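Observations on chain architecture
Read off the chains here:
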Amino acid sequence: IVPGTWLIQNRMDNIDYSGFINSIESLKNLSVIFPIIFFVVSIFISLLVMTRMGIENRSEMGTLKAFGFSKKEILVPYILYSLLATLIGSILGVLIGTLVLPKAIFNVYTNLYAIPKMIYSDFIHIIILGVLISVLCIVGSTIISIMGILKQSAISLLRPIAPAIGNKILLEKFPS
């Protein structure tokens, strides 16, 4: 009989355990990166939407300016609109992000691994911070875009925007 050898292994030598730890680390990294990407995309989208809304309402803003309304009075409805949209979106995002999404991910992991019952943690301070960041970013981008439009005089706001100067295409460069 050949003498036996001792093999001493730790938990990380178990393929299932190390796979579970690696997938949890991937989820942690995703949970850090996803909010950052979400905030950047939401800022760009809100800046684009509010600028477009401001451009579409140029004549209305010009009329209000001509009647003597201040920039602040013209800006308030746009701020309220963006604030209301941000708060509704934040409430829906918090509900989906804290109740629906974790449960779905947990169900996937319970099909793959034997893990104990899920425990919800209290992250109210992170939720409040996320909502405040959202409000600051969206309302801030609204203020920036609308104030950029309101810098113009009332008469220039009442005039339609001149179309951009286009480049000649290849066929236009040939003499007829």
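The present account deals with the structure reproduced in this document. (Residues numbered from 1 in each chain as written. Predicted model: local features only at pLDDT ≥ 70, side-chain atom pairs only at ≥ 80, totals over all residues. Heavy atoms only, no water.)

**Observations concerning the overall build of the chain**
Looking only at helices and strands, the chain has 5 helices and 0 strands in total. Across the chain, helices and strands are ordered from the amino to the carboxyl terminus as α-α-α-α-α. For 176 residues, the compact-globule formula gives about 16 Å, and the C-alpha radius of gyration of the chain, at 28 Å, lies well above that figure. Dimensions of the chain, computed from C-alpha atoms along their principal axes, come out at roughly 100 × 55 × 20 Å. By the burial criterion, 18% of the 176 residues in the chain qualify as buried. In the form shown here, the chain has an accessible surface area of approximately 13800 Å², with 72% of it arising from carbon and sulfur atoms. Charged side chains of the chain number 13 positive and 8 negative; the gap between the two group centres comes to 11 Å. (Helix = DSSP H or I, 4+ residues; strand = E, 2+ residues; numbered from the N terminus. Rg over C-alpha atoms; globule rule 2.2 N^0.38 Å. Buried < 20%, exposed > 50% of the residue type's maximum accessible area, 1.4 Å probe, protein only. Areas by Shrake-Rupley, 256 points an atom, 1.4 Å probe, with all protein chains shown as cover. Lys, Arg positive; Asp, Glu negative; His and termini not counted. Charge placed at Lys NZ, Arg CZ, Asp CG, Glu CD.)

**Side note on the packing of helix α3 (residues 71–112) against helix α4 (residues 124–150)**
At a minimum axis distance of 9 Å, the contact between α3 and α4 shows a crossing angle of 150°. Taken together, α3 and α4 sit at an angle that is classed as roughly antiparallel. Here the hand of the crossing between α3 and α4 comes out right-handed. Where α3 approaches α4, its residues K71, I74, L75, Y78, I79, S82, L83, T86, L87, S90, V94 and T98 are matched on the opposing element by I127, V131, S134, V135, I138, V139, T142, I143, I146, M147 and L150. (Axes fitted to C-alpha atoms, helices over the stretch in contact; angles between N-to-C directions. Parallel < 35°, antiparallel > 145°, perpendicular 65-115°, else oblique. Left-handed = near helix turned anticlockwise from the far one by under 90°. Contact = heavy atoms within 4.5 Å.)

**Digging into the packing of aromatic side chains**
Counted by the stated rule, this structure contains 4 aromatic pairs. Seen from their ring centres, Y109 and Y113 are 6.1 Å apart, and the 20° between their planes marks the pair as stacked. Taking relative accessible area as the criterion, Y113 reaches 24% and is therefore assigned partly exposed. An aromatic cluster of three or more residues is present, and its members are F20, Y109 and Y113. (Phe/Tyr/Trp six-rings, centres within 6.5 Å; stacked < 30°, edge-to-face > 60°.)

**Quick notes on the nonpolar core**
Core analysis: the biggest nonpolar cluster contains 10 residues, these being M50, M53, M61, I74, L75, Y78, I146, I149, L150 and L157. Mapped by element, the contributors of at least two residues to this core are α1 (15–56), α3 and α4. Ignoring sequence-local partners within four residues, the contact set of M50 consists of Y78, Y81, T142, S145 and I146. (Core = buried A, V, L, I, M, F, W, Y, C linked by side-chain atoms within 4.5 Å.)

**Comments concerning α4**
Between its terminal C-alpha atoms α4 stretches 38 Å, which fits the 39 Å expected from 27 residues at 1.5 Å a residue. All of the buried residues along α4 are S134, V135, I138, V139, S141, T142, S145, I146, I149 and L150. (Expected span 1.5 Å × (residues − 1).)

**As for the environment of F34**
Relative to the assigned elements, F34 resides in helix α1. Exposure remark for F34: the relative accessible area of 53% places this residue in the exposed category.

**As for α3**
The end-to-end C-alpha separation of α3 is 58 Å, in line with the 62 Å expected for 42 residues at 1.5 Å each. G97 marks the point of greatest bend in α3, at about 35°. Buried within α3 are the following residues: I74, L75, Y78, S82, T86, S90, F106 and Y109. (Bend = angle between axes of the 7 residues up to and from the residue.)

**Things to note about the environment of L101**
With respect to the element layout, L101 can be found in helix α3. Linking L101 and K117, residues 16 residues apart in sequence, is a C-alpha distance of 16 Å.

In short, the description is geometric, and any link to function would need to be established separately.
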